Structure formats: C-alpha cells, structure tokens
Amino acid sequence: MTVAEEAEKYGLHRVGARPSLVNYLKQTWGRRTFIYELAKSRVQSQNQRNRLGIIWVVLKPTFNALMYGFIFGILQGGNKPQDFPIFVVIGVFLFEFFSSSMTGGARSITGNTALVQSLAFPRLALPVGKVTENLLTLMPMIGVMFIYALILGTTPKWSWFVIFPLIALFTIFNMGTALICARITVHIRDFTQLLPLVTRILFYTSGVLFSVDKLLDKWPWMIRVFDFHPIYQTLTIARGSIMNNESYDPTAWLVVGGWAVIALIAGLLYFWKAEERYGRES
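Residues numbered from 1 in each chain as written. Predicted model: local features only at pLDDT ≥ 70, side-chain atom pairs only at ≥ 80, totals over all residues. Heavy atoms only, no water.

Re the overall build of the protein
Our working definition: Numbered from the N terminus, helices here are DSSP runs of H or I no shorter than four residues, and strands are runs of E no shorter than two. Only protein chains enter the calculation, and the probe is 1.4 Å; a residue is then buried if its accessible area is under 20% of its type maximum, exposed if over 50%, and partly exposed in between. Whether two residues are in contact is decided by their heavy atoms: any pair within 4.5 Å suffices. In these tables, accessible area is a Shrake-Rupley quantity obtained with a 1.4 Å probe, and a residue counts as shielded only by the protein chains included in the view.
Within the protein, the regular secondary structure consists of 13 helices and zero strands. If you list the helices and strands of the protein from N to C, you get α-α-α-α-α-α-α-α-α-α-α-α-α. Taken over 282 residues, the protein has a buried fraction of 46%. For the protein, contacts bridging at least 24 residues in sequence account for 79% of all contacts bridging at least 6. With the model as given, the accessible surface of the protein reaches about 15200 Å², and the carbon-plus-sulfur share is 65%.

Section: the nonpolar core
This is how it is decided: Within this scheme, the nonpolar core is defined by two criteria: the residues are buried Ala, Val, Leu, Ile, Met, Phe, Trp, Tyr or Cys, and they are joined through side-chain atoms within 4.5 Å.
In terms of nonpolar packing, the biggest core is built from 47 residues, with I90, L94, I142, M145, I163 and I242 touching the most fellow members. Here this core takes 14 residues from helix α5 (residues 84–106), the largest share from any one element. Contacts of I163, omitting those with residues within four sequence positions, involve I142, M145, F146, A238 and I242. Within the second largest apolar cluster, 20 residues are counted, among which are I35, F121, V128 and Y278.

Points about the side chain of S108
Test applied: Polar contacts, as counted here, are pairs of nitrogen or oxygen atoms within 3.5 Å of one another; within protein the pair requires one atom able to donate a hydrogen and one able to accept it, and residues that are adjacent in sequence qualify only if both atoms are side-chain atoms.
Residue position: S108 is located in the loop between α5 and α6 (113–118). A distance of 2.7 Å separates the side chain of S108 from the backbone oxygen of G105, its partner in a polar contact. Discounting residues that sit within four places of it in the chain, S108 has contacts with L126, P127 and A182.

Here's the deal with the pattern of salt bridges
Worth spelling out the cut-off: Whenever a carboxyl oxygen of Asp or Glu lies within 4 Å of a side-chain nitrogen of Lys or Arg, that contact is scored as a salt bridge.
What the rule picks out here adds up to three salt bridges. K130 is paired through a salt bridge with E133; the nearest N and O atoms lie 3.3 Å apart. Placement of both K130 and E133 in helix α7 (residues 125–151) is noted, with a separation of three residues, approximately one turn of the helix. A salt bridge links R224 to D227; the shortest N-O distance between them is 3.0 Å.

Brief notes about the packing of aromatic side chains
Going by this rule: Here the aromatic set is Phe, Tyr and Trp, taking the six-membered ring for Trp, and pairing holds for ring centres within 6.5 Å; pairs whose planes are under 30 degrees apart are stacked, those over 60 apart are edge-to-face, and all others are tilted.
Under the definition given, this model contains 11 aromatic pairs. On the basis of an interplanar angle of 70° and a centroid distance of 6.2 Å, the ring pair of F93 and Y148 is categorised as edge-to-face. Remark: Y148 occurs in helix α7 and F93 occurs in helix α5; sequence separation between them is 55 residues. Ring plane angle 10° and centroid distance 4.8 Å describe the contact between F146 and W160, whose orientation is recorded as stacked.

Concerning the confidence of the model for the protein
In low-pLDDT regions, the fine details of the predicted coordinates are not to be read closely. Our working definition: Think of pLDDT as the predictor's per-residue confidence, scored from 0 to 100.
Predicted confidence across the protein gives a mean pLDDT of 84, with 90% of residues reaching 70 or more. Across residues 3–13 the pLDDT falls below 50, and counting only partners more than four positions away or on other chains, this stretch makes three contacts in the model.

Things to note about helix α12 (residues 230–242)
Spacing of three or four residues puts side chains on the same side of an α-helix, whose turn is 3.6 residues. Basically, it comes down to this: Multiplying one less than the number of residues by 1.5 Å gives the expected span of a helix.
Between its first and last C-alpha, α12 extends 18 Å over 13 residues, near the 18 Å set by a 1.5 Å rise per residue. Across the 13 residues of α12, 13 count as buried, placing the element largely inside the fold.

Comments concerning the packing of α5 against α7
Definition in use: Only the stretch in contact is used when a helix axis is fitted, and all axes are lines through C-alpha atoms; the angle between N-to-C directions ranges over 0 to 180 degrees. Orientation is classified from the angle alone, with under 35 degrees giving roughly parallel, over 145 giving roughly antiparallel, 65 to 115 giving roughly perpendicular, and any other angle giving oblique. Each residue is assigned to one of three groups, with Ala, Val, Leu, Ile, Met, Phe, Trp, Tyr, Cys and Pro labelled nonpolar, Asp, Glu, Lys and Arg labelled charged, and all others, Gly among them, labelled polar.
Direction vectors running N to C along α5 and α7 enclose 175°, while the axes themselves pass 10 Å from each other. Viewed along their axes, α5 and α7 adopt a mutual orientation that is roughly antiparallel. Judged by residue contacts, I86, V89, I90, F93, L94, E96, F97, S100, S101, G104 and G105 of α5 engage K130, V131, N134, L135, L138, M141, I142, V144, M145, Y148 and A149 from α7. Here the contact of α5 with α7 is built from residues that sort into 15 nonpolar, five polar and two charged.

Section: unusual backbone geometry
Across residues other than glycine, the phi torsion is negative in most instances, and most of the peptide bonds are trans. One non-glycine residue, D83, adopts positive backbone phi at about 50°. Mapping D83 onto the fold places it in the loop between α4 (56–76) and α5.

Details of the side chain of T236
Residue placement: T236 occurs in helix α12. In this structure the side chain of T236 is engaged in a polar contact, spanning 2.9 Å, whose partner is the backbone oxygen of Y232.

Here's the deal with a nonpolar patch on the surface
What counts here: Two distance rules govern patches: like charges are joined within 9 Å, and nonpolar side chains (Val, Leu, Ile, Met, Phe, Trp, Tyr) within 5 Å, applied only to residues with over 30% relative accessible area and no salt bridge.
A cluster of nonpolar residues, M67, F70, I71, I74 and L75, forms a patch on the protein surface that exposes about 550 Å² of accessible area. Inspection of the secondary structure puts M67 in helix α4.

As structure tokens, then:
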C-alpha cells in the first residue's frame, strides 16, 4: 500500500490540496467578515495621506469625465448624443468600476504573495475582496452621479432605482472577470503590463463616450455587435433609466444577466482549478 493510499484510508488529506467546489465556496463564505473588513479598511486607507482623503474617490472619475467629455465632445461635433455631459458621467463612473475590478482582481494574488504563502485560506477571498472594495468605492460615486444628473437638468424619476439591480448584475460580471484575470496573472506575470492597453481598448469600444447608433449609423452590422456587448448594454440600461431623453430595449437585461452568469461560472471554475498553485514560487 502506498503512502497516499494509507493516508486516504485514515482520512488524511494532503496539505494545500484543492477542496471540492462546494467546500471551497463554503470556506470562502465562512470568511465573509474578513473579506468585507479587508475591503473596507483598504477603502479607508487608500487616500489617507492625501489632504482631501476619501473625496478623491469621487474627484478622480469626475475629472476624467470632464477631460474626456471636453475632448470627445469637440471631436464628435454634431454626432454627440443628447445631454452629453450626463451621458459621459454615467459612462465614466460605471466603467471605472469595471476597470478597477479587472485590474485589481488581476493583481489580487500576485500582489499579496506574503499573505498567500504564509496563511491557509481560500484564495478566492482575495479577488472577491478586491471587487468588494471597488463596490464600496462605487456607492458614493453613484450618489454623486445622481447629484450631477440633477445639476445637469435631469428630472428625477422612479426608474432611477433600476441602477441598484443593474449594479448587482454588473458586480457579478466584474467578479467573474476579476477571477479570470487573477489566474492569468499568476501564470503569465507580464499580463499586468498588457492590462492598461486592454482597459483602454475596452474604454474606447464600449460606448462610454459616444452613441453607437449615431457614430456607426453607416455600419449597421457593427451596431448589431454592440447588442451583445455586456459593458455597453450595462451603460445603455443605466442611461435609459436615468436620463430624460434616453430609452433602451428591455432585452438588454437578458444580455447583461446572461454575461454576468457566464462570467461568474467560468471565472469561478477557472480560478478554483488552480487553487493549489497559488502562492507557490514561480
């Protein structure tokens, strides 16, 4: 009888062995308080040394919206959508949540090597904690986004509350994306060097700054492609729910919900399969 068979006979398991998926999720859920407190403490300490502190959470995307809105407002001319200022604010604020989740998730394992190598816990907690941190950061941004909408002349309406289930689905999608990027970075460290380029490409191709219908009206087949674009459809629902002169096809919810489920399942399985490799020396 081999040593492995003898250990199995007495219910002994290899240290660091990957648990079943169900047990893995149970272990992660059991550390939900740790995940939340870690995320909260990082949000609090993120801008602690700056004079304006946590206010930078809102100032950064605001400045981005002003800069991109000014430049692309000029470049688009008559092709820019109605109520362009709030159009850009919604796009920039929500895309910031996606990009920070993707880049933060990608570095969640490799950026916490000491923690991963010294303590036994489900590594899933780290990318989940990063997305949770970004979700906590998003909350005040959403409040400010509504204030900007009022200042820019948008009429308050009940559909504004749609933003909350939308954010829930968007968070699930971002979680799946973060998990996939986290494992890729463990195997290919150079992936972090490509992430800014990937983020920039997604930023300029997700309808953050332009109306797809107006800009691509000569290429209807390209407009059809955007019907299945998860980030673009998320922004479309948000704008249609908040802005005065915007509407959206309800099937956009199916696209966003479908992508959220696919991304989460694919990301979870992909990340879990490599659980034993995290923290090992490359």
